[in-house]
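# Observations on the model geometry
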Amino acid sequence: MADEPSGSWRLRDDTIYLNHGSFGPPPEAVRAERLAWLGRLDRQPMDFFVRQLAPAWDEARRRLAEFVGAAAENLVFVPNATAAMNVVAASFPLSSGDEVLLTDHEYGAVRRIWERACARSKAKIATAALPLPIESVEQVIDALFSAATPRTRLLVVSHITSPTAVILPIEDIRREAERREIAVCVDGPHAVAQIELRLDALDCDYYTASCHKWLSAPFGSGFLYVHPRRQTHVEPPILSWGVPPPRRPAAWWEEFFWCGTGDPTPYLSVPAAIEFLKNVGCEAFRAQTHELARYARRRLSELTGLAPPAPDCRQWCGSMTLAPLPPGGRQSLQTALWEKHGIEVPIIEWSGRRFIRVSCHLYNDTSHIDRLVEALAELLRSE
Ligand SMILES: Cc1ncc(COP(=O)(O)O)c(C=O)c1O
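In short, a report on the structure. None of these values were measured; they are calculated from a predicted model. (Residues numbered from 1 in each chain as written. Predicted model: local features only at pLDDT ≥ 70, side-chain atom pairs only at ≥ 80, totals over all residues.)

The next thing to look at is the overall build of the protein. In terms of helices and strands, the protein carries twelve helices and twelve strands. Along the first, second and third principal axes, the C-alpha set of the protein runs to 70 × 55 × 35 Å. For the protein, buried positions account for 47% of its 383 residues. Considering only contacts in the protein between residues 6 or more positions apart, those separated by 24 or more positions represent 70%. (Helix = DSSP H or I, 4+ residues; strand = E, 2+ residues; numbered from the N terminus. Buried ≥ 20, exposed ≤ 12 C-beta atoms within 10 Å, placed from the backbone. Contact = placed C-beta atoms within 7 Å.)

Across the interface, helix H11 (residues 331-341) lies against helix H12 (residues 366-381) with an axial gap of 11 Å and an inter-helix angle of 120°. For H11 against H12, the interelement crossing comes out right-handed. Contact residues: Leu333, Ala336, Leu337 and His341 in H11; Arg371, Ala375 and Leu379 in H12. A per-class count over the contact of H11 with H12 returns five nonpolar, one polar and one charged. (Axes fitted to C-alpha atoms, helices over the stretch in contact; angles between N-to-C directions. Left-handed = near helix turned anticlockwise from the far one by under 90°. Nonpolar A, V, L, I, M, F, W, Y, C, P; charged D, E, K, R; others polar.)

What follows concerns helix H3 (residues 81-91). Buried residues dominate H3, accounting for nine of its eleven residues. Taken as a whole, H3 has its buried residues at Ala81, Ala83, Ala84, Met85, Asn86, Val87, Val88, Ala89 and Ser91. The inward-facing, buried residues of H3 abut strand E2 (75-78), helix H4 (108-121), strand E6 (183-187), strand E7 (206-210) and strand E8 (222-226).

This part is about the sheet that holds strand E3 (residues 99-103). Spatial strand order, E2-E8-E7-E6-E5-E3-E4: seven strands in an open sheet with mixed pairing. Of all strands in the sheet, those bounded by a partner on one side alone are E2 and strand E4 (124-128). Averaged over all adjacent pairs, the angle separating strand axes in this sheet is 20°, with direction ignored. Two elements, E2 and E8, share four bridges in a ladder whose sense is antiparallel. The residue of E8 that forms the bridge with Val78 is Gly222. With respect to the sheet, H3 is in contact with E2, E6, E7 and E8, its orientation differing from that of E7 by roughly 155°. (Pairing = 2+ DSSP bridges.)

Ordered in space as E9-E12-E11, the three strands form an open sheet in which the pairing is antiparallel. The outermost strands of the open sheet, each flanked by one partner alone, are strand E9 (320-325) and strand E11 (347-350). The sheet shows a mean angle of 35° between the axes of neighbouring strands, direction not considered. When E9 meets strand E12 (residues 353-359), the two strands line up antiparallel, connected through six bridges. Its bridge partner lying in E12, Met320 is registered against Ser359. Most of the contacts of helix H10 (residues 282-304) go to E9, to which it runs at about 5°, and overall it touches E9 and E12.

With that settled, consider helix H9 (residues 270-280). Turning to H9, its buried residues are Val270, Pro271, Ala272, Ala273, Ile274, Phe276 and Leu277. Lining the buried residues of H9 we find helix H1 (28-43), helix H2 (45-67), helix H8 (265-268) and H10.

Further remarks concern the packing of H10 against H12. In the contact formed by H10 and H12, the axes pass within 10 Å of each other and the chain directions differ by 20°. Here H12 runs roughly parallel to H10, going by the angle between their axes. Along this stretch, H10 crosses H12, giving a crossing that reads as right-handed. Residues Leu292, Tyr295, Ala296, Arg299, Leu300 and Leu303 of H10 touch H12, and the partners they reach there are Thr366, Ile369, Val373, Leu376 and Ala377. (Parallel < 35°, antiparallel > 145°, perpendicular 65-115°, else oblique.)

Taken residue by residue, a regular strand's side chains alternate between the two faces of the sheet. With respect to burial, strand E5 (residues 152-158) is a largely interior element, six of its seven residues being buried. Two elements, E3 and E5, share four bridges in a ladder whose sense is parallel. The partner of Leu101 across the bridge, within E5, is Leu155. When E5 meets E6, the two strands line up parallel, connected through five bridges. Looking across to E6, one finds that Val156 is bridged to Cys185.

Shown next, in the form of structure tokens:
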């Protein structure tokens, strides 16, 4: 492995990659660990599945649980945040007339999951419009809970929003929800590694996440956290043995150990991703990537003259930043940035406006942002 963390990735030379937030490539040490596990699986599958997997799964889960501040018994591996959210939607008890509250900053696929769950149980979706720019915790709490009613059973809310890249005040939100007896499911794939997590202390009902974003674990690794008060209702979407027969699953999490034969190596490599981050230093990672995100934010607002949508501090913004763009095509600009300039960065249409979302990881530096700003200046001029 290279001495500098920035040299630990082997990204393609033709690419400036500014989208770790959607798909976070693993560093070489993590890839190597995954390939080593894959070798053990492919060379002697019986030994791997029958003898090696259970202790390795337990250990990987223990390490991940420790990293996110949870008891291991409250957490299971799933392939991604989407799978975790589907488990919650299939398990949460909803009756006709109940309401599930989401914000208008939620990830589109998450909204679809809850639309289907609500349609099946004749429940309703309610949407709270959060302000933009976001300016204070009180403003967020007021906007969010003004859409709650006595029929609101569950709040589904991002820890860090996808279309707007804002860190929401999740502890305050959870406390207010508890006061109103509303269960809380936090959609947290962007939060793992970007911010410190203490899930047991947070005390939410469910937390869904992907490890293949900011933690840079292999693709196909995520988790579902379920508070003990909810665990009896939770079932895996794909029912299999759970644990090898003749034993039968005793705890909720045992049902998730064996969901049919598959490739569990992404899960087993999660400790390597945690180790990589700890060697860099979690705080060093957060500080460095946040500074670069601030640089991007400043350069982009100088270019467009448009104000960023959230305050410039680590309470609201981590390693990812959002900048408004003048009106224009979304897909055409994203494609031109890639095809003409080799820059992978998402252009987002949200609430009728166009934005650019820039993710900054350890392999990015100011020269990438400078290239992005030059390319954008040229493309916006010619629109
Ligand atoms: C807020 C949020 N929730 C859920 C997801 C789904 O994540 P995955 O595709 O890893 O399941 C994403 C993906 O970008 C997201 O940004």
